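Report on the structure
Next come the chains, spelled out residue by residue.
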Amino acid sequence: MTQSPEKAPPEGQGLGALGLKLGLSRLALWWEGAWRALWPPLGILGAFLALAFTGLLPTLPPALHLLILIGFAAALGYLGYRAALGLRAPATEAAARRLERDSGLAHRPLAVLADRPAGDDPMAQALWQAHRERAAAQLGQLRVARPSPGLAARDPRALRAAVLVALVAGLGMAGREAPERLLAALAPSFAEPAAAPTALAARFEAWVTPPAYTGAPPQFLNAAGGAVAVPTGSRLHMVFSGSASPPELRLGGTAHAFARMDAQSHGLELPLTEGGTLVLKRDGRDVAQWALTLTPDAPPVVAWDPSPARAGRGLGLRLPWKAEDDWGLVALRVELRLKQRPSAPPVTQDIPLPSGAPRQAQGAAQHDFSAHPWAGLEVEARLFARDGAEQEGKSEGAFLVLPERRFSHPVAQQLIALRRALSLDPNAREPARRELDRITNAPEAFEHDTGMFLTLRAARHRLGRDRRDEAVPEVQQILWDVAVALEEGRTDRTARALTQAREALREALEEARRDNPERSPEQRAELQRRIQELREAIRRHLEALAERMQRENNEALSYDPQQRVFDRRELERRTRRLEDAARDGRQEDAEREMAELEEMLQALEEGRTSRAEDRQRQQRQRGQQQMGALQDMVRREAEMLDRAHRRSGEQENTRGDQRRPQQQQRPQTPEAREEAARDARTQRALRRALGELMQQFGELTGDVPAPLAEADRAMRDAAEALAEGRDPRAAQQQAIRALTEGGRQMSQRMQRQFGPPQPGEGEGEGEGEGEEMAGGQQGSEGQENQLGEGRDPLGRDRRETGGSAQDNAGDTLVPGEAERLRSHQLQQELRRRGAERERPPVELDYIDRLLRRF
């Protein structure tokens, strides 16, 4: 009969797979037998290693140590011998039985394939052959299960896991000392006392913590000794473990004891006040030795940079300074002392420092002392810098006269002179009282102002009756307030009184409408009183305006856009209508008349402040022109940086070295040298133009941003590098960064002082003054290009080169200051990355293509 292939695989293929699986089954049987035989000796070996890593054996007496080693060796030998007897190669029949059990086959089919019938009966032979074919068909179901030594039955308490955990824990305790501890456990020493082996487990750690104000991290001492230098005021920390007897630390000739932390550990914390030899001793022997040096903390160094002087604009005092400290500055202040009275308490003003306790810093502070009683007197100014160790450094004294406000009113001048005299001699109270008597005896000099008269008389009596030292500064403040009130003029005082009267009447109308439309007689009387106060305030303010306009040779006062002549009778008629509406209880009419009256009064205020607004607008325009000049400087500096990049690339291609450092000097072609010489002349011209710009901006705002000074130094370095044939790119990049940051700070300061540009302002700015400033300087060098040349009234480039006609024609959107500064920052970053020639060529090529677009 015939057997199908899927039920009876070829005999060669079936026997080959059967041989492989029988081999795997024998290997699994061998692994199970070996693991059952070897795990007892392996457990003994693991227990010994765990005990050795703990470092306990060297601490025992040598005899006991040796006895334990003999016991472990005997147990290991006995169990190893038993394991060797149990290691036998499994038979093929056993492998076949395991394979049949793993595969779930019954009737032992593998034995059928190996057996043969005893007789020669053809019928029996055919029946046996059919039986073999059925057995061969089951070969495809054979599988070998994973080895299972059955240790759980032999070790029900899981001692093998405990040995493994103890071994890992001991190894963690030993760490790097594991080899030494293992050797010490295997070799008990009888030559030394029993306590000697404990030295192997003894260890120490030592570190120095610098003072907190230094910000320095702890410094660990080398266990082998050596030299160490730490700041003064540091603290030494040391921990010694593994010894019952405490060690000893000697610094110089002084011994310092350790404090016991536990039975085997000792600790020490010592403030370091002197240097010398630091020795750690134990049992009379030197363990480690260091040469300790204490670095003293020097006091800060502070100086004027340059001398203080009056600010270019306003009444501020400009205080330029520079300071440094080895560990960082904490505070900075200026003290002013009166030269003619040195015993007077100084005037102190804190100066802000950059954040983070800088080690070096410089800047220029500006403070207004014009309201101080010492204004107009000569003082000595001195800087004081303090560090984290509370040490102070001071600068040289600088003598100057404090800026003072100029007064034009005669009585204000007399009061300021009296105030200054009291600063020079606070005890001269009687002459000051006589001077106040003289002033108050002529009240017509201050327009018979009752309030000022009473204020001056109160100041006079306080000088006579209040004997406190603080009375003189209080009287000086009163004299200052009166002088300022007089200097502001009658117009300003009447304007303030008019504003107060308007607000009082408006509040009364709102209160009447909110409480009850039907007003009570008391409310009507209150409204009539407020209206009368407003009428009187308007009369006094109009008289003051007429006097001022007469002094200024004006004949009319306009109050609306159509320039109508201001009619006092119209104002009086509005006030009368408001009074009638309030008296009759017509709330809406009263509010309407009040609104029209306020509109007319607002015209008075607008006419008074128009000149101040014009002056502020002119200052904004000057600042915008200076910003335009600064932008031209950035553009010219960027063009020179592009040419420097091009020259550097040509030189590198000539030498065939794309990774040569930038600062290395290379031979230049004649054309490159000529171009570098032109750039050097242009760089010097730009630097002079920047100096003029800094001076003009200082006169406009009273201060110059510090980044502009950094740009000046970078331009100087770039000019020197170009003249000497060196690479100027680093200095030019620094100049561009500093100019960009300086422009941002200039914009912020102008907005703080003059406000944001109004609609319609800023068009056509930025070329007039800036071009004249930069162009004049470049002309001296023979340069044809001016800093502002080729720009239209909107600040755009009208030259045909560098862009298509379409680009120039379509450039109708003028970017704001923030967008321009951001664009410069992006260009700067691209140039910085392009200068790093070690970058991949693909990236450098991409950066070059981007820069060509700019």
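First, a word on scope: everything that follows refers to the structure included in this document. Remember, predicted model here, so these are calculated numbers, not experimental data.

Tracing the backbone through its elements, the reader meets Asp325 in the loop between β13 (316-324) and β14 (329-338). One buried charged residue, Asp325, forms no salt bridge at all, with the nearest opposite charge on Arg359 at 7.4 Å. Reaching out from Asp325, the side chain makes a polar contact with the backbone nitrogen of Trp327 at a distance of 3.1 Å. If sequence neighbours within four positions are ignored, Asp325 has contacts with Asp297, Ala298, Pro299, Pro300, Arg359 and Asp387.

Once that is clear, we can look at the sheet that holds strand β3 (residues 226-231). Two strands in a sheet stick together by hydrogen bonds in their backbones, pointing the same way (parallel) or opposite ways (antiparallel). Strand order in the open sheet formed by five strands is β3-β10-β9-β5-β6, and the pairing between neighbours is mixed. Of all strands in the sheet, those bounded by a partner on one side alone are β3 and β6 (254-257). Pairs of neighbouring strands in the sheet enclose a mean axial angle of 25 degrees, with direction left out of account. Across four bridges, the pairing between strand β5 (residues 248-251) and strand β9 (residues 276-282) is antiparallel. Across the sheet, the residue bridging to Leu251 is Leu278, located in β9.

Once that is clear, we can look at the layout of surface pockets. Considered as a void within the structure, the second largest pocket measures approximately 570 Å³ in volume. What lines the second largest pocket is a set of 26 residues, and nearest its centre among them are Gln362, Gly363, Ala364, Val704 and Ala706. Contributing elements (two or more residues each) for the lining of the second largest pocket: β13, β16 (360-368), α17 (706-724) and α18 (729-754). Counting residues per element, the lining of the second largest pocket draws most heavily on β16, which supplies six residues.

Judged by pairing direction, the sheet is antiparallel, and its five strands sit side by side in the order β2-β1-β4-β8-β7 without closing on themselves. Two strands bound the open sheet, and with one partner strand each, they are β2 (219-220) and β7 (259-262). Here strand β1 (residues 203-209) pairs with strand β4 (residues 235-241) via seven bridges, running antiparallel. Across the sheet, the residue bridging to Ala206 is Met238, located in β4.

Moving on to the packing of helix α10 (residues 429-440) against helix α11 (residues 450-465). Relative to each other, α10 and α11 sit at 160 degrees, their axes nearing to 9 Å. Here α10 lies roughly antiparallel to α11, going by the angle between them. The handedness of the crossing between α10 and α11 is left-handed. Between α10 and α11, the contacting residues are Arg429, Ala432, Arg433, Leu436, Asp437, Ile439 and Thr440 on the first element and Phe453, Leu456, Arg457, Ala459, Arg460, Arg462, Leu463 and Gly464 on the second. In terms of residue class, the contact of α10 with α11 is made up of seven nonpolar, two polar and six charged.

Bringing a nonpolar patch on the surface into the picture now. Side chains of Leu20, Leu24, Leu27, Trp30, Trp31, Trp35, Leu38, Leu42, Leu45, Leu76 and Leu87 sit close together on the surface and give an oily, nonpolar patch of about 1,000 Å² of accessible area. Examining the composition of the nonpolar patch, we find that nine residues originate from one element, helix α1 (residues 11-53), more than from any other. On the secondary structure map, Leu20 appears in helix α1.

Turning our attention to the packing of aromatic side chains. Applying the stated criterion to the full structure yields five aromatic pairs. Here the aromatic rings of Phe204 and Phe240 are separated by 6.3 Å at their centres, their planes lie at 5 degrees, and the arrangement is stacked. Pair noted here: Phe204 is in strand β1 and Phe240 is in strand β4, with a separation of 36 residues, a long-range link. Members of the aromatic cluster, connected to one another through ring pairs, are Phe204, Phe240 and Trp290. Sitting over the ring of Phe399, Lys339 keeps its end group 5.2 Å from the ring centre.

Where β9 and strand β10 (residues 285-295) come together, seven bridges link them in antiparallel fashion. Considered in β10, the bridge of Lys281 is made with Asp286. As consecutive antiparallel partners, β9 and β10 are separated by two residues, and within that stretch Asp283 has a phi angle of approximately 55 degrees, a positive value.

A cluster of acidic residues, Glu503, Glu507, Glu510 and Glu511, forms a negative patch on the protein surface. Note on placement: Glu511 falls in helix α12 (residues 471-515).

Residue Pro306 follows Asp305 across a cis peptide bond; omega there is -10 degrees. Looking at the element boundaries, Pro306 is found in the loop between β11 (301-304) and β12 (309-310). Even without being glycine, Glu390 reaches a positive phi, approximately 60 degrees. When you line up the elements, Glu390 lands in the loop between β17 (378-387) and β18 (392-394).

Criteria and thresholds
- Residues numbered from 1 in each chain as written.
- Predicted model: local features only at pLDDT ≥ 70, side-chain atom pairs only at ≥ 80, totals over all residues.
- Heavy atoms only, no water.
- Helix = DSSP H or I, 4+ residues; strand = E, 2+ residues; numbered from the N terminus.
- Buried < 20%, exposed > 50% of the residue type's maximum accessible area, 1.4 Å probe, protein only.
- Lys, Arg positive; Asp, Glu negative; His and termini not counted.
- Salt bridge = Lys/Arg side-chain N within 4 Å of Asp/Glu carboxyl O.
- Polar contact = N/O pair within 3.5 Å; in protein donor to acceptor, adjacent residues only side chain to side chain.
- Contact = heavy atoms within 4.5 Å.
- Pairing = 2+ DSSP bridges.
- Axes fitted to C-alpha atoms, helices over the stretch in contact; angles between N-to-C directions.
- 1 Å grid on protein atoms, 1.4 Å probe; cavity = no way out; pocket = protein on both sides within 12 Å on 5 of 7 lines; lining within 4 Å.
- Points joined across faces, edges and corners; volume = space filled by probe spheres on them.
- Parallel < 35°, antiparallel > 145°, perpendicular 65-115°, else oblique.
- Left-handed = near helix turned anticlockwise from the far one by under 90°.
- Nonpolar A, V, L, I, M, F, W, Y, C, P; charged D, E, K, R; others polar.
- Patch = residues over 30% accessible without salt bridge, like charges linked within 9 Å, V, L, I, M, F, W, Y side chains within 5 Å.
- Areas by Shrake-Rupley, 256 points an atom, 1.4 Å probe, with all protein chains shown as cover.
- Phe/Tyr/Trp six-rings, centres within 6.5 Å; stacked < 30°, edge-to-face > 60°.
- Lys NZ or Arg CZ within 6 Å of the ring centre and 35° of its normal.
- Charge placed at Lys NZ, Arg CZ, Asp CG, Glu CD.

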